[in-house]
Amino acid sequence: MLATAAILGAGVNLVALPGPASAGTPMIDWQRCIGYVGLTFDDGPTPGNTTALLKALKTAGLRATMFNTGQNVQANPQLTKDQVAAGMWIGNHSWDHPYMTRLSAEEQAAQISRTQDAVKAATGITPQLFRPPYLDTDDALRAVERQYGLTEINADVDSQDWNNATAAQIVANARKLQPGDVILMHDWPAATVEAIPRIAADLRRRGLCAGMISPDTGRAVAPRDVLAQAHTAGRVKDLGTSVRYTWPGVSFEGRFRGTGVGIMLNDAVNDYDIQIDGAAPATLRTPGRTTYWMSGLSDGTHTVRVAKRTESPWQPGEFGGFVAAPGGRILAKPAPRTRQIEFIGDSWTAGYGNMSTVRDCSGSGGINPNSNADQTFGALTARGLNADYQLTAWSGMGMVRNYNGGNPGTTFRTYYDRTLQAADPEVWQRPRGWKPQLVVVGLGINDFSTALNPGEPWADLDALAADYRTAYLGFLDELRARYGKSTSIVLTYPTMSNTTALADSVQQVVRQRNSQGDGRVKALHYDNAALGLDLLGCDWHPSLHDHKALAGALGSFIAGLPLRW
């Protein structure tokens, strides 16, 4: 499904086109595979059966596509998550397994959409493949499927497991598979689970590997492992063939040989910048589900970088990897940088409205079109130091109080540990290679920028400041537990015209940590007047001019820290 996006600036051609049938780096030793076959299992997930099937597949080193019914997904969401965790792909097999051609178009749509919603609720994944129950289909049904961006998958080989075939008969039927073929099997027969080890052995002898089913062609192709071909330091949820993310500034870097590269995205909410060989970026506005091609390049080795410009705490974006233009190929991903920085904060850190030159952005599209996390002081500082970085930031959020007292009961700390902010409560698991030498924290503007409202839990500003300091000290304990004693932590704060409570509180927190022997906690004041901040971004936020000034001040401060990098 192609989408139209606004494209701004770039020295190359950017065109939305269907991608090649296969690309990327599979998780298995692809050099020993002369072809790929699609193993599929219908009717799951079911208690007792699915777990045994997943164990057999994992033991045999096989991946497969699970065509689940929506009612089974809804009844067994953890088993559906287990399928994804085991490396399987999820397809749509209708809600309750009817003969689809006997239904009206509205009933067909309900069967499909309810299952799409159930799978997404359980796993965060939106299926791209649909298998009609009983392989019962026609052109009218396929038209409904296309409304949901689904590719219909039938079968080249029928295992006959649904017809009481023995394990030996299932294995014999599987031997009919040829490269690209798809075999029909089911989640529930015990004979199917019994047949898995022998199917795996037969495939190995024939030089065939279990692959994914391409949504473009419906044929089995090499699995695509996004994080094997793209480098990122951002917080992402790895789905194997794609990754999801919400935090601003998440970026992906890759290398390729050829005259062009496709970038696979599924995101109708966020904007992106795409750079080739470090040149001026092209901007994609809410691209939707598509493959965007950067073409017209000289035939050679190139780099590509994709960066999420905007915030989307409730709605994840999805990156499906890079694909090379015909005749080219994706190369090994760039090595991670040895320097690492995490920037934690609010709208200043996220880049809220930073590309605007007027404070009222209502006449220029609002906040998102005028925001670019890739041009914040954090991103600029990190790139100047050749460091990998994270922007863990959320506009309007505070340490104990959000802007103007909004959303009481939740603060930035509610979501800090999450991979996908408000979209999913799953806790982020820190990758082994991520241990930043420097953490820069900027939280407190929202706590103190507005007067307390009636009904808020603080009697006065002093009570709010006391709670703020207590929470900040606890947050620093959390950072120390995560990153260790050697990480330097810089607590930043700007000049505030209405109060000195933020400055006083940050300085007290630093003094207390230092007095307890934590000398690697420092404070940095951003002096608005001395830095010449114009605050011409949307709603009186830092402009691009200001972010460059902030990056300069921060860079000078960092130069004086005892960093071990």
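A quick note: this is a predicted structure, and the numbers were derived from the prediction, not measured.

### Digging into the overall build of the protein
When helices and strands are tallied, the protein shows 16 helices and 27 strands. Compactness check: the protein gives a C-alpha radius of gyration of 26 Å against a globular reference of 24 Å for 565 residues, within 12% of the reference. Taken along its principal axes, the extent of the C-alpha atoms in the protein is 80 × 55 × 45 Å. Counting over 565 residues, the protein shows a buried share of 58%. The long-range fraction of contacts in the protein, counting pairs at least 24 apart against all pairs at least 6 apart in sequence, stands at 76%. Carbon together with sulfur atoms contributes 51% to the accessible area of the protein, which is approximately 22800 Å² in total. Of the charged side chains in the protein, 51 are positive and 52 negative; the average position of the first set lies 8 Å away from that of the second.

### Comments concerning the state of the cysteines
Per the stated rule, a full pass over the model turns up 2 disulfides. Paired through a disulfide, Cys33 and Cys209 show a sulfur-sulfur distance of 1.8 Å. Disulfide Cys33-Cys209: torsion about the S-S bond near -80°, hence left-handed. Of this pair, Cys33 sits in the loop between strand S2 (13–16) and strand S3 (35–42) while Cys209 sits in strand S10 (residues 208–210), and the two are 176 residues apart along the sequence. Each member of the pair, Cys33 as well as Cys209, is classed as buried. Covalent S-S linkage joins Cys361 and Cys538, the inter-sulfur distance amounting to 1.8 Å. Between Cys361 and Cys538, the disulfide has an S-S torsion of -100° and is therefore left-handed. Residue Cys361 is located in the loop between helix H9 (347–350) and helix H10 (377–384), and its partner Cys538 is located in the loop between helix H15 (528–531) and helix H16 (544–559); the two are separated by 177 residues in the primary sequence.

### Considerations on the packing of aromatic side chains
By convention here, two paired aromatic rings are described through the distance between centres and the angle between planes. The full count for this structure, using the stated rule, is 14 aromatic pairs. Where Trp314 meets Trp394, the ring centres are 5.5 Å apart and the plane angle is 85°; that geometry is what we call edge-to-face. Within this pair, whereas Trp314 is found in the loop between strand S20 (300–308) and strand S21 (317–324), its partner Trp394 is found in the loop between strand S24 (387–393) and helix H11 (412–415), the two being separated by 80 residues in sequence. Members of the aromatic cluster, each reached through a chain of ring pairs, are Tyr245, Phe252, Phe319 and Phe322. In this arrangement the basic side chain of Arg102 is found over the ring face of Tyr99, its NZ or CZ atom lying 4.0 Å from the centre. For the cation-ring pair, Arg359 lies above Trp540, with the distance from its terminal atom to the ring centre recorded as 3.6 Å.

### Focus on the side chain of Glu145
Residue position: Glu145 is located in helix H5 (residues 139–147). With no salt bridge to any partner, buried Glu145 finds its closest opposite charge in Arg142, at an N-O distance of 6.1 Å. Contacts of Glu145, omitting those with residues within four sequence positions, involve Ile112, Phe130, Thr137, Leu150 and Glu152.

### Quick word on the pairing of strand S27 (residues 521–526)
Note that strand S26 (residues 488–494) and S27 share 6 bridges and pair parallel. Within S27, the position partnered with Tyr493 by the bridge is His525. Crossover connection from S26 via helix H14 (residues 501–515) to parallel S27: handedness right-handed.

### Some remarks on the pattern of salt bridges
Counting across every chain of the model gives 22 salt bridges. In this structure, Arg337 engages Glu253 in a salt bridge whose closest nitrogen and oxygen atoms are separated by 2.9 Å. Note that Arg337 is positioned in the loop between strand S22 (329–330) and strand S23 (339–345) and Glu253 in strand S15 (residues 251–258), a separation of 84 residues in sequence. By relative accessible area, which is 24% here, Arg337 ends up partly exposed. Given a relative accessible area of 12%, Glu253 falls into the buried group. Asp518 is paired through a salt bridge with Arg513; the nearest N and O atoms lie 2.9 Å apart.

### Some details on the environment of Leu420
By secondary structure assignment, the location of Leu420 is in the loop between H11 and strand S25 (438–442). Relative accessible area serves as the criterion here: at 1%, Leu420 is assigned to the buried category. Sequence separation between Leu420 and Ala191 is 229 residues; the distance between their C-alpha atoms is 40 Å. Ignoring sequence-local partners within four residues, the contact set of Leu420 consists of Lys237, Arg244, Tyr245, Thr246, Pro313 and Pro316.

### Examining the pairing of strand S9 (residues 182–186)
Taking burial as the measure, the 5 residues of S9 include 5 buried ones, the bulk of the element. Both faces of S9 are covered, namely the face carrying Val182, Leu184 and His186 and the face carrying Ile183 and Met185. Two strands pair when backbone bridges link them, and strand S8 (residues 157–158) and S9 are joined in this way by 2 bridges, in the parallel orientation. Across the sheet, Asp158 pairs through a bridge with Leu184, a residue of S9.

### Some words on the packing of H10 against H16
As a packed pair, H10 and H16 sit with axes 8 Å apart at the nearest point and diverge in direction by 50°. Classified by the angle their axes make, H10 and H16 are oblique. Viewed along their axes, H10 and H16 form a crossing whose handedness is right-handed. In contact with Phe377, Leu380 and Thr381 of H10, H16 contributes His547, Lys548, Leu550, Ala551, Leu554 and Ile558. A breakdown of the residues in the contact of H10 with H16 according to their chemical character gives 6 nonpolar, 2 polar and 1 charged.

Calculation notes
- Residues numbered from 1 in each chain as written.
- Predicted model: local features only at pLDDT ≥ 70, side-chain atom pairs only at ≥ 80, totals over all residues.
- Heavy atoms only, no water.
- Helix = DSSP H or I, 4+ residues; strand = E, 2+ residues; numbered from the N terminus.
- Rg over C-alpha atoms; globule rule 2.2 N^0.38 Å.
- Buried < 20%, exposed > 50% of the residue type's maximum accessible area, 1.4 Å probe, protein only.
- Contact = heavy atoms within 4.5 Å.
- Areas by Shrake-Rupley, 256 points an atom, 1.4 Å probe, with all protein chains shown as cover.
- Lys, Arg positive; Asp, Glu negative; His and termini not counted.
- Charge placed at Lys NZ, Arg CZ, Asp CG, Glu CD.
- Disulfide = S-S within 2.5 Å.
- Phe/Tyr/Trp six-rings, centres within 6.5 Å; stacked < 30°, edge-to-face > 60°.
- Lys NZ or Arg CZ within 6 Å of the ring centre and 35° of its normal.
- Salt bridge = Lys/Arg side-chain N within 4 Å of Asp/Glu carboxyl O.
- Pairing = 2+ DSSP bridges.
- Right-handed = clockwise from strand over helix to strand, strands pointing away.
- Axes fitted to C-alpha atoms, helices over the stretch in contact; angles between N-to-C directions.
- Parallel < 35°, antiparallel > 145°, perpendicular 65-115°, else oblique.
- Left-handed = near helix turned anticlockwise from the far one by under 90°.
- Nonpolar A, V, L, I, M, F, W, Y, C, P; charged D, E, K, R; others polar.

Geometry only, nothing functional implied.
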